[in-house]
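Listed below are the residues making up each chain.
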Amino acid sequence: MSLELKDLGITDGTDMILEGITYTFEPGRVYVLMGRTSSGKTSLMRTIAGLLDFTEGDMYFNGEDFDVLPTWKRSTSMVYQQFINYPNRTVLGNVLFPLLRSGLSKEEAKSKALEMIDKVGLSNFVDRKPGQLSGGQQQRVAIARALIRNADILLLDEPLMNLDYKLREQLREDFRDLFTASKNSVTIYATTEPAEALLIGDELLVMHEGRVIQSGVPAEVFENPNSVAVAQIVNEPPMSVLTAEISNGTFSIGHRMKSQVPVHLVGVPDGEYQAGFRASELTIGSEGDMTEEGEVDVAEVAGSETLVYLNTPTGYTIVQEKGIHQYISGDKVGITIPPERAFLFDLSGNLVVAPGN
């Protein structure tokens, strides 16, 4: 029951929407497509669902040519960012709807619908209509209706995007359990959120400009991004990438910051590189060997953390501080960079060494 893509591509005039996508999706696993807006995630899902025609390559399901099947014959179910429910039907009516033509008796169909409603935590709302529900509850209805079809392929296009932060956190946990229970379905989930990808996914496909640029177990991709592009996509906020040099046992960033070559970079040939640092590993202050002065561009509070965006002589830098801190645009602050946490990339943007390797 696997879904196989071979060199799949879509060309629209001179624009390449998808390019050279080759991958096999197996049932019982959750595959996460991750990338920025317009990276090709939705286009790939719509192609699998039969809503968008591909112009290159092949697509097979269970060994058979999938492209010859019209959309209405494909056993696919798709959930979008927006809450697409039937406004004139109750929660029970919405979830029951896909079963109406399944051949089940009314009693059996209702029993299955109520069981699914219970799984998504809406047992107390069966008689309410979507307009009487919160955004998160409406999305749960859409998920329940998609899951109850027991489709061979379940596609979820950033279903938590329009929900508030706390609700996203809660639903990620719930959805992971629901998707894992769909042992017979190929589940493909799109997101722009690294935390979501790490929690929900069994496998991660990083997409950029219509291509899959890295794939693998989410934690492995996170710890060993194969390029600057992947490193910035799988980190939120994006990784800061600064000019660096290794020469005669010295590791330098810009002209001012120098230290002994950290252990994980010993043996790397002398030369010019790019060094990437996660925002959570940089600190405000001048207490380490490698410090720089930066000027605050903007600071924003995100929950219990403060993100500080800085202009420095060595490049634009983002620091993620715990707690709520007040900064004004133009403030001068020190930044400490830990050389032992540097991701080293060559000048073409390819990974040379990751910390811990």
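Residues numbered from 1 in each chain as written. Predicted model: local features only at pLDDT ≥ 70, side-chain atom pairs only at ≥ 80, totals over all residues. Heavy atoms only, no water.

Some words on the overall build of the protein
Convention followed: Only runs of H or I of at least four residues qualify as helices and only runs of E of at least two qualify as strands under DSSP, and these elements are numbered from the N terminus. Buried, partly exposed and exposed residues are distinguished by accessible area as a fraction of the type maximum, computed with a 1.4 Å probe on protein chains only: under 20%, between the cut-offs, and over 50%, respectively. Here, residues are in contact when the closest pair of their heavy atoms is within 4.5 Å. Surface accessibility follows the Shrake-Rupley procedure with a 1.4 Å probe radius. Residue values consider only the protein chains on display as shielding. Note on charges: Lys and Arg go in the positive column, Asp and Glu in the negative column, and His and the chain ends are not counted at all. Where a charge lies is defined by one atom per residue type: Lys uses NZ, Arg uses CZ, Asp uses CG and Glu uses CD.
Each helix and strand in the protein was counted, giving eight helices and 21 strands. Its C-alpha atoms give the protein principal-axis dimensions of roughly 75 × 45 × 35 Å. Across the 357 residues of the protein, 49% fall into the buried class. The long-range share in the protein, meaning contacts at least 24 apart out of those at least 6 apart in sequence, stands at 66%. Looking at the protein as shown, the accessible area adds up to about 17200 Å², and 46% of this sits on carbon and sulfur atoms. Positive and negative side-chain charges in the protein, numbering 30 and 49 respectively, have mean positions lying 11 Å apart.

Some details on the confidence of the model for the protein
Spelled out, the test is: pLDDT measures the predictor's confidence residue by residue and takes values from 0 up to 100.
The predicted model of the protein averages 89 in pLDDT, with 96% of residues at 70 or higher. Within the protein, the lowest mean pLDDT, 69, falls on helix H5 (residues 165-181), and the highest, 98, falls on strand S20 (residues 343-345).

Let's talk about a negative patch on the surface
Rules: Exposure above 30% relative accessible area and no salt bridge define the residues that can form patches, which grow by joining like charges within 9 Å and nonpolar side chains of Val, Leu, Ile, Met, Phe, Trp and Tyr within 5 Å. Within this document, salt bridges are pairs made up of a side-chain nitrogen of Lys or Arg and a carboxyl oxygen of Asp or Glu, the two lying within 4 Å of each other.
Negative charge collects at one region of the surface, where Asp7, Glu19, Glu56, Asp58 and Asp65 lie side by side. Among the secondary structure elements, Glu56 is positioned in strand S4 (residues 56-61). With relative accessibility at 37%, the residue Glu56 sits in the partly exposed group.

A short note on empty space enclosed by the protein
Heads up, the rule is: A cavity here means a set of 1 Å grid points, computed over protein atoms only, where a 1.4 Å probe fits but cannot escape. A pocket is an open set with protein on both sides within 12 Å along at least 5 of 7 lines, and lining residues have an atom within 4 Å of a point. Grid points are joined across faces, edges and corners, and a volume is the space filled by probe spheres set on the points. Only Asp, Glu, Lys and Arg are considered charged in this grouping, and only Ala, Val, Leu, Ile, Met, Phe, Trp, Tyr, Cys and Pro are considered nonpolar; every other residue, Gly among them, is considered polar.
Considering all chains together, one arrives at one cavity of 30 Å³ or more under this definition. Estimated volume of the largest cavity: approximately 40 Å³. Around the largest cavity sit Met34, Pro194, Ala197, Leu198, Leu204, Pro218, Phe222 and Val234, which together line it. Secondary-structure elements contributing two or more residues to the lining of the largest cavity are helix H6 (194-200) and helix H7 (218-223). In terms of residue count, H6 provides more of the lining of the largest cavity than any other element does, three residues in total. In terms of residue class, the lining of the largest cavity is built from eight nonpolar, no polar and no charged.

What to know about the packing of helix H3 (residues 106-119) against helix H4 (residues 135-148)
Threshold: Geometry is summarised by axes, namely lines fitted to C-alpha atoms with helices restricted to the contacting stretch, and by angles between N-to-C directions that run from 0 to 180 degrees. The scheme is simple: roughly parallel for angles under 35 degrees, roughly antiparallel for over 145, roughly perpendicular for 65 to 115, oblique for anything else. Two helices cross in a left-handed way if the nearer one is turned anticlockwise from the farther one by less than a right angle. They cross in a right-handed way if the turn is clockwise.
Running from N to C, H3 and H4 cross one another at 135°; their axes reach a closest spacing of 10 Å. The orientation of H3 with respect to H4, classified from their angle, is oblique. Classified by chirality, the crossing of H4 by H3 is right-handed. Residues Lys112, Ala113 and Met116 of H3 touch H4, and the partners they reach there are Ala144, Leu147 and Ile148. Across the contact of H3 with H4, the residue classes break down as five nonpolar, no polar and one charged.

Describing the sheet that holds S4
The criterion, for reference: A pair of strands is labelled paired if DSSP reports no fewer than 2 bridges between them.
Taken in spatial order, the four strands of this open sheet run S2-S1-S4-S5, and their pairing is antiparallel. Across the chains shown, the open sheet's two edge strands, defined by having one partner strand only, are strand S2 (15-25) and strand S5 (64-65). Pairing of strand S1 (residues 3-12) with S2, which is carried by seven bridges, proceeds in the antiparallel orientation. Of the residues in S2, the one forming a bridge with Leu8 is Ile21.

Description of the environment of Val296
Its place among the elements puts Val296 in strand S16 (residues 291-302). If we skip the residues at most four places from it in the chain, Val296 touches Val308, Tyr309, Leu310, Tyr327, Ile328, Ser329, Gly330, Asp331 and Val333.

Focus: the pairing of strand S10 (residues 211-216)
Here strand S9 (residues 203-208) runs beside S10; their pairing, made up of five bridges, is antiparallel. Within S10, the position partnered with Met207 by the bridge is Val212. The hairpin formed by S9 and S10 contains two residues between the paired strands, and Glu209 there has a positive phi angle of roughly 55°.

Comments concerning the sheet that holds strand S18 (residues 315-322)
Strand order in the open sheet made by the five strands is S15-S19-S16-S17-S18, with antiparallel pairing throughout. This sheet does not close on itself; its edge strands, each paired only once, are strand S15 (283-284) and S18.

Structural notes on the pattern of salt bridges
Using the criterion set out here, one finds seven salt bridges in the structure. Lys6 is the partner of Glu4 in a salt bridge, and the nearest nitrogen-oxygen pair spans 3.7 Å. In this structure, Glu281 engages Arg341 in a salt bridge whose closest nitrogen and oxygen atoms are separated by 3.0 Å. Of the two residues, Glu281 is situated in the loop between strand S14 (271-277) and S15 and Arg341 in the loop between strand S19 (332-336) and S20; the sequence distance between them amounts to 60 residues. Accessibility expressed as a relative area gives 21% for Glu281, which makes it partly exposed. Residue classification places Arg341 among the partly exposed residues on the basis of a relative accessible area of 25%.

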